[in-house]
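# Reading the structure
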Amino acid sequence: MPQPAQEQINLAARALEAGRLVAFPTETVYGLGADAENPDAVARIYAAKGRPANHPVIVHLAPEADIGYWAREIPAQAHTLIQAFWPGPLTLILKRAAHIPDAVSGGQDSVGLRCPSHPVAQALLRSFKCGKGGIAAPSANKFGHVSPTTAQHVRNEFEQEIHPGGLIAAVLDGGQSEVGIESTIVDLTRLASHGPVLLRPGHISASQLEQVLGVLPAAADVAAPRASGTLDAHYAPDTPVVLIAGAQLDDCVRQLLAAGKSIALMAHQAHVLHGLPQGLAAQLQLPDEPVAYAHDLYAALRTLDLAQADVILVQALPADKAWQGVNDRLRRAAFDSREVLGKLLKTS
Ligand code: TXA
Ligand code: MG
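Residues numbered from 1 in each chain as written. Chains lettered and ligands numbered in written order. Predicted model: local features only at pLDDT ≥ 70, side-chain atom pairs only at ≥ 80, totals over all residues. Heavy atoms only, no water.

## A closer look at the sheet that holds strand β14 (residues 311–315)
Ordered by their spatial adjacency, four strands build an open sheet running β11-β14-β12-β13, and the pairing between neighbours is parallel. Both outer strands of the open sheet, β11 (241–244) and β13 (282–285), are each paired with one neighbouring strand and no more. Looking at each pair of strands side by side, their axes are set apart by 15° on average, direction ignored. Relative to β14, β11 is paired through four bridges, and the arrangement is parallel. Opposite L243, over in β14, you have V314 as the bridge partner. Together, β11 and β14 form the strand contacts of helix α13 (residues 337–346), whose direction differs from that of β11 by roughly 95°. (Pairing = 2+ DSSP bridges. Helix = DSSP H or I, 4+ residues; strand = E, 2+ residues; numbered from the N terminus. Axes fitted to C-alpha atoms, helices over the stretch in contact; angles between N-to-C directions. Contact = heavy atoms within 4.5 Å.)

## Brief notes about the sheet that holds strand β7 (residues 168–171)
Here we have 10 strands laid out as an open sheet, ordered β7-β1-β2-β6-β3-β5-β4-β8-β9-β10, and mixed in their pairing. Of all strands in the sheet, those with a lone pairing partner are β7 and β10 (218–219), marking the two edges. As judged from the three bridges shared by strand β1 (residues 21–24) and β7, these two strands associate in the parallel manner. Across the sheet, V22 pairs through a bridge with A170, a residue of β7. Of the strands in this sheet, β1, β2 (31–35) and β6 (135–136) touch helix α2 (residues 39–49), which is tilted by about 150° from β2.

## Focus on the domain arrangement of the protein chain
In terms of domains, the protein chain is made up of domain 1 (6–219) and domain 2 (241–346). Each of domain 1 and domain 2 has a C-alpha centre, and these two points are 30 Å apart. Across the contact, 23 residues belong to domain 1 and 13 residues belong to domain 2. Across the domain 1/domain 2 interface, buried area totals approximately 1,400 Å², and carbon plus sulfur atoms make up 58% of it. When the buried surface of domain 1 facing domain 2 is broken down by residue, V146, I181 and P201 rank first, second and third, together holding 35% of it. Residues R329 and E182 are paired through a salt bridge, measuring 2.7 Å at the closest nitrogen-oxygen approach. Counting residues per element, the ones that place at least two in the side of domain 1 that touches domain 2 are α6 (151–157) and β9 (197–200). Tallied by class, the residues present in the side of domain 1 that touches domain 2 amount to eight nonpolar, 11 polar and four charged. (Domains from an automatic or database assignment. Buried area = accessible area lost by both parts, 1.4 Å probe. Salt bridge = Lys/Arg side-chain N within 4 Å of Asp/Glu carboxyl O. Nonpolar A, V, L, I, M, F, W, Y, C, P; charged D, E, K, R; others polar.)

Printed below as a string of structure tokens:
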């Protein structure tokens with residue numbers, strides 16, 4: 001795994017302290033960071049991403065950080081979850097301390113906190129403000145696009161913004177993100193009325209949360225705080241994505257080919273790929289196991305996007321809990337694309 005030198009990490013920390021943006025690796029996906037206590041710097045994240053300014057961003061903390069500085073109430077469940085899963089791919093939504101800028105909380109009365117386990121993220125957090133700061137960072141992609149899991153993905157996303165005088169001062173390379181999908185988000189701000197609420201599924205599963213909390217977190221409801229990752233039509237490549245059950249893939253491919261359409265395809269079962277007709281623009285086999293699938297998912301979508309096909313067909317995944325995180329991301333990537341498929345077949 002590539003590791004930036006400490007000197008490069010220190011330079012990036014100084015750039016953050018000066019109000020500039022730095023992209024950095026985490027174990028989930030790459031983040032685009034800014035000093036969480038500098039509203040102008042946080043505004044630059046929104047500008048670079050093309051993201052609406054009322055969306056809250058997660059604040060990343062060093063393992064030794066004082067959570068009490070960021071949140072005004074820390075319920076017992078927060079301590080339990082922190083003990084079990086930090087550092088790691090879990091974000092907690094807590095009631096925010098009074099001094100947290102609106103730019104970070106999206107104007108809500110809460111703050112999202114996460115302590116990443118990636119060694120480069122931790123080194124950056126320890127160098128930045130001597131480990132006492134927070135780095136506000138959404139995923140380092142343009143708004144609505146696929147999250148980056150390598151430094152090269154970040155460079156591809158922000159070709160215009162990454163240069164000495166540009167919005168983004170540095171991209172730290174920490175190799176491919178191990179988890180591959182964004183952190184699990186648990187809301188602990190409404191415990192009395194709702195209990196813990198799972199705002200976004202991820203690598204840390206609902207049943208793992210249940211094991212340590214003693215209750216299964218509730219599903220996100222309409223009253224849940226806004227989370228941009230919970231919008232429909234999120235995490236999408238430029239090419240429309242269509243989810244198709246394995247048993248129907250062959251038929252679908254034949255119809256599209258007959259209609260003169262070009263197809264990129266990914267499937268997690270070898271037998272599904274083997275029976276298919278020739279002439280696909282691109283095809284990939286993903287692992288038939290949720291953790292490994294999550295690791296490869298976003299890179300695979302980016303690779304298939306490069307084929308510039310008319311459609312990316314994805315073999316639908318099992319519905320069981322183990323696949324919840326990846327199913328959530330794929331469903332959003334495929335938002336609206338049934339309609340796309342209908343159009344592709346009609347306009348032949
Ligand atoms: O794994 C991750 O969480 C990555 C890495 C970089 O840490 N970050 C990430 O950030 O996925 P982003 O901005 O793409 O998604 C963060 C999600 C958004 O859906 C945001 O709305 C939600 O967290 N969020 C942040 N603060 C919140 C708050 N105070 N209340 C509710 N949702 C919040
Ligand atoms: Mg994102």
